[in-house]
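If you want the building blocks of each chain, they are given just below.
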Amino acid sequence: MFDTARTLNENQDRLARLLVEANRTETLLHPEALQLAPLTEAEALEVSWRVWAALGHELGGFKVGATARDNIRTLGAHRPMLGRLRRDRIFRAPYTVGFDKLMAPVTECEFAFELAADLPAGRTDWPPGDIAAEIARVFPAIEIAERRVQRVPGYPYTQLIADNAAGGRLVLGAPLAWAGQALNAIPVTLLVDDVVVARGDGSAVMGDPLASLAWVANEAARLGHPVRAGDILTTGSCTGMKPAERGTRQTARFGGLGEVVIDFR
Amino acid sequence: MDEGLRTLSRALWEARRTGRSVESAGHRLPLDRDEAYAVQREVIALSGSAPCGYKIGSTSAEAQRILGTTEPGAGRLVTSFTHASPARLPIAAAHGPAVEGEFAFRLGRDLPARVTPYAPEDISAAIEAVAGAIEMVGSRFAGGLGQQGRLLTTADSSAHIGLVTGPWHPWRRQDLRPHRVEMFVDGIARGSGTGARALGDPLNVLAWLVRHLSAQGQGLLAGEIVATGTCTGLDPVTPGGTATADFGTLGRVEIAFTAFDGA
């Protein structure tokens with residue numbers, strides 16, 4: 001969809017190069033050292049595409065950031081933002097990861113979905129009811145959002161869009177036994193080393209995870225990636241954003257239906 | 001990265017920025033190649049400058065002997081230390097600065113990482129332009145270039161001070177092997193050579209880089225510059241002096257050297 005030849009302006013090109021390098025070398029960028037002019041959302045999306053194309057990873061699905069009211073306030077975003085998930089960064093719980101491998105990690109407890117069939121290209125107006133019919137499986141999940149730039153307050157949200165909307169890793173629990181019951185009523189609890197640190201439910205994400213799922217499907221199609229069978233789509237945090245810490249265990253409990261465990265070594 | 005290497009990285013960046021030197025004694029030093037490259041990358045991150053290509057060093061047996069290595073080495077070019085000729089740039093005598101006349105390529109299209117090696121004609125086809133260039137090298141560690149060994153040199157941005165490129169010419173598969181380069185320092189003829197001094201052909205150096213990067217799952221991006229290693233040996237320069245590299249039909253590269261403020 002985007003021409004990956006040299007069509008970016010100088011500011012975009014600079015940010016794209018910095019982000020490609022940061023991704024490849026897993027070295028965090030220092031925000032105070034970057035001298036970037038402000039980016040528009042459209043320019044940020046072009047940078048995000050260019051970086052993704054240059055890195056050459058296989059696409060495994062999508063994440064959405066800034067779906068929850070609090071996240072929008074914290075991140076300064078005007079609307080949700082879409083990120084691409086690497087297929088090789090989608091894991092099954094229980095998951096253990098060396099903390100030093102992660103880049104500015106924060107965790108978010110989310111409902112993730114796998115669709116049964118490819119969505120038709122060109123359709124960008126899915127309502128939540130229709131998208132529900134396409135669902136093959138629902139997973140409890142913890143997203144480990146990662147950034148390539150050190151976190152500072154007031155970081156421009158368009159630069160976050162360019163940085164793949166803080167896409168990182170996704171850890172899926174066993175599929176939920178879902179018979180169509182309302183997902184927004186399922187309580188979600190996050191524990192760190194057995195201490196509850198956050199509570200929420202599916203209503204945090206656009207009122208209902210299915211609403212967020214429809215948004216993801218529509219936005220992915222608009223950006224030129226219609227969702228395919230097997231893609232994993234994650235729908236935004238029910239529990240805010242919790243920085244991960246070395247040497248801790250995080251557990252996400254989704255009512256009595258399922259849980260996800262991650263050990264940060 | 002541990003705090004000791006972070007401190008070393010900050011010291012190296014400050015030294016590069018201000019013209020001072022770093023005493024290696026008393027610093028946590030990199031113990032292996034991975035740590036050395038991590039320090040190099042952290043210095044780039046501290047600079048906030050965007051990467052824009054690679055310089056290749058240790059293309060000659062003599063340089064390899066000095067640095068204790070058996071193969072070429074690649075260091076990162078960044079935009080704030082890459083300039084167009086004519087340039088006026090600060091150098092620090094304490095860094096033992098020297099100049100090298102090299103051929104530089106600029107890519108017109110991406111060369112993504114690949115398992116199967118690129119054929120030479122595909123590499124050549126990705127080049128958009130060629131220019132003469134002068135690379136300035138030196139050491140931010142006290143003791144000068146050649147005293148630090150491979151790991152410290154790698155950590156210290158592969159001894160790279162800066163690159164100045166001459167006019168870019170469209171790439172038409174020119175044969176650079178017999179193409180002569182002459183270096184003048186302060187108006188006096190110093191080192192000279194031909195493109196053959198760069199691993200037999202500057203294209204061989206680019207092919208080496210592409211293989212080296214592919215093995216790490218990395219490629220080259222359109223617009224990146226690759227400086228392919230010295231054809232003129234190494235000639236010392238001083239603040240207040242000049243260096244000119246004459247690339248014949250590819251033009252001249254000129255640098256006037258100043259001192260760092262307050263150095």
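See above for the structure.
Since the structure is predicted, the reported quantities are computational estimates derived from the model, not experimental observations.

Undergrad: Got a minute to help me understand the overall build of chain B in this structure?
TA: Along its length, chain B carries six helices and 14 strands. In terms of overall size, chain B behaves like a compact globule, its C-alpha atoms giving a radius of gyration of 17 Å where 263 residues would be expected to give roughly 18 Å. Taking the principal axes of the C-alpha coordinates as reference, chain B spans close to 50 × 45 × 35 Å. The 263 residues of chain B split such that 48% are buried. Taking as baseline every contact in chain B between residues at least 6 positions apart, the subset at least 24 positions apart corresponds to 75%.

Undergrad: It is not clear to me how the overall build of chain A should be interpreted in this structure. Could you clarify?
TA: If you tally the helices and strands in chain A, you get six helices and 13 strands. For 265 residues, the compact-globule estimate of 2.2 N^0.38 gives 18 Å, and the C-alpha radius of gyration of chain A, at 17 Å, lies within 12% of that figure. On the principal axes, the C-alpha backbone points of chain A span a range of 50 × 45 × 30 Å. Counting the 265 residues in chain A, one finds 45% classified as buried. Expressed as a percentage of contacts within chain A between residues at least 6 apart in sequence, the contacts between residues at least 24 apart total 79%.

Undergrad: What is the right way to look at the interface of chain B and chain A in this model?
TA: One frequently used descriptor of interface size is the decrease in accessible area upon assembly of the parts. Each partner contributes to the interface: chain B provides 16 residues, whereas chain A provides 17 residues. With five residues, the top contributor of residues to the side of chain B that touches chain A is helix α2 (residues 33-47) of chain B. Residues of the side of chain B that touches chain A, tallied by class, amount to nine nonpolar, four polar and three charged.

Undergrad: In this structure, what is going on with the nonpolar core? I would like to understand it.
TA: Within soluble globular proteins, side chains that are nonpolar generally end up buried alongside one another. If you look at the biggest cluster of nonpolar residues, it comprises 143 residues, and the most contacted ones within it are Ala112, Ala141 and Val216 of chain A together with Ile134 of chain B. Other than its neighbours up to four places away in sequence, Ala112 of chain A contacts Phe139, Ala141, Leu170, Leu172, Ile232, Leu233, Thr234 and Thr235 of chain A.

Undergrad: Is there a simple way to think about the packing of helix α1 (residues 10-25) of chain A against helix α2 (residues 41-55) of chain A in this case?
TA: Each pair of packed helices can be described by the angle between their axes along with the distance between the axes. Residue and element names in this part refer to chain A. Axis separation between α1 and α2 bottoms out at 9 Å; the angle between their running directions is 40°. Between α1 and α2, the angle is such that the two are oblique. With respect to the hand of their crossing, α1 and α2 are arranged in right-handed fashion. Along the contact surface, α1 presents Gln12, Leu15, Ala16, Leu19, Val20 and Asn23, while α2 presents Glu43, Glu46, Val47, Arg50, Val51, Ala54 and Leu55. Here the contact of α1 with α2 is built from residues that sort into eight nonpolar, two polar and three charged.

Undergrad: Help me understand α2 of chain B, please; the structure alone is not making it clear to me.
TA: Every α-helix winds through 3.6 residues per turn, so residues three or four apart in the chain are directed the same way. Residues and elements named next belong to chain B. Its 15 residues give α2 an end-to-end C-alpha distance of 21 Å, which sits within 8% of 21 Å, the value for a rise of 1.5 Å per residue. Most of α2 is tucked away: eleven of the 15 residues are buried. The set of residues buried in α2 consists of Ala36, Tyr37, Ala38, Val39, Gln40, Arg41, Glu42, Val43, Ile44, Ala45 and Leu46. Residue Gly48 follows α2 closely and has a positive phi angle near 70°.

Undergrad: Even after reading the chapter, I still don't get the pairing of strand β1 (residues 59-65) of chain A, so can you show me in this structure?
TA: One face of the sheet, then the other: side chains in a regular strand alternate in exactly this way. Residue and element names in this part refer to chain A. Taking burial as the measure, the seven residues of β1 include five buried ones, the bulk of the element. With six bridges connecting them, β1 and strand β2 (residues 81-86) associate as antiparallel partners. Bridged to Val64 within β2 is Leu82. Sheet topology note: the β1/strand β10 (residues 232-234) ladder contains two bridges and is parallel. Opposite Gly61, over in β10, you have Ile232 as the bridge partner.

Undergrad: Got a minute to help me understand the sheet that holds strand β4 (residues 95-97) of chain A in this structure?
TA: For sheets, the rule is that strands pair by backbone hydrogen bonds, running either parallel or antiparallel. Residues and elements named next belong to chain A. Pairing within the open sheet is mixed, and its five strands lie in the order β4-β13-β12-β8-β9. Looking along the sheet, the strands with just one partner apiece sit at the ends: β4 and β9 (195-201). Across the sheet, the mean angle from the axis of one strand to that of its neighbour is 15°, orientation sign disregarded.

Undergrad: Teacher, can you tell me more about the environment of Phe91 of chain A here?
TA: All names here are of chain A. Tracing the backbone shows Phe91 in strand β3 (residues 90-92). Residue classification places Phe91 among the partly exposed residues on the basis of 18 C-beta atoms within 10 Å. Leaving out residues up to four positions away in the same chain, Phe91 has contacts with Arg169 and Val171.

Undergrad: Where do I start with the packing of helix α1 (residues 3-18) of chain B against α2 of chain B in this structure?
TA: Residue and element names in this part refer to chain B. With their axes 9 Å apart at the nearest point, α1 and α2 run at an angle of 55° to one another. Classified by the angle between their axes, α1 and α2 sit oblique to one another. For the element pair α1 and α2, the recorded crossing hand is right-handed. Listed contacts from α2 to Leu5, Arg6, Leu8, Ser9, Arg10, Leu12 and Trp13 of α1 are Glu35, Ala38, Val39, Glu42, Val43, Leu46 and Ser47.

Undergrad: When you look at the sheet that holds strand β14 (residues 252-258) of chain B in this model, what are you seeing that I'm missing?
TA: Residues and elements named next belong to chain B. The five strands are arranged β4-β14-β13-β9-β10 in an open sheet whose pairing can be described as mixed. Where the open sheet ends on each side, the last strands, each with one partner, are β4 (87-90) and β10 (188-194). Strand-to-strand twist in this sheet, taken as the mean axis angle between neighbours without regard to direction, amounts to 20°. Bridge count between strand β13 (residues 242-246) and β14: five bridges; the pairing is antiparallel. Residue Thr244 lies in a different strand from β14, and its bridge partner there is Glu254.

Each value, and the rule that gives it
Residues numbered from 1 in each chain as written. Chains lettered and ligands numbered in written order. Predicted model: local features only at pLDDT ≥ 70, side-chain atom pairs only at ≥ 80, totals over all residues. Helix = DSSP H or I, 4+ residues; strand = E, 2+ residues; numbered from the N terminus. Rg over C-alpha atoms; globule rule 2.2 N^0.38 Å. Buried ≥ 20, exposed ≤ 12 C-beta atoms within 10 Å, placed from the backbone. Contact = placed C-beta atoms within 7 Å. Nonpolar A, V, L, I, M, F, W, Y, C, P; charged D, E, K, R; others polar. Core = buried A, V, L, I, M, F, W, Y, C linked by C-beta atoms within 7 Å. Axes fitted to C-alpha atoms, helices over the stretch in contact; angles between N-to-C directions. Parallel < 35°, antiparallel > 145°, perpendicular 65-115°, else oblique. Left-handed = near helix turned anticlockwise from the far one by under 90°. Expected span 1.5 Å × (residues − 1). Pairing = 2+ DSSP bridges.

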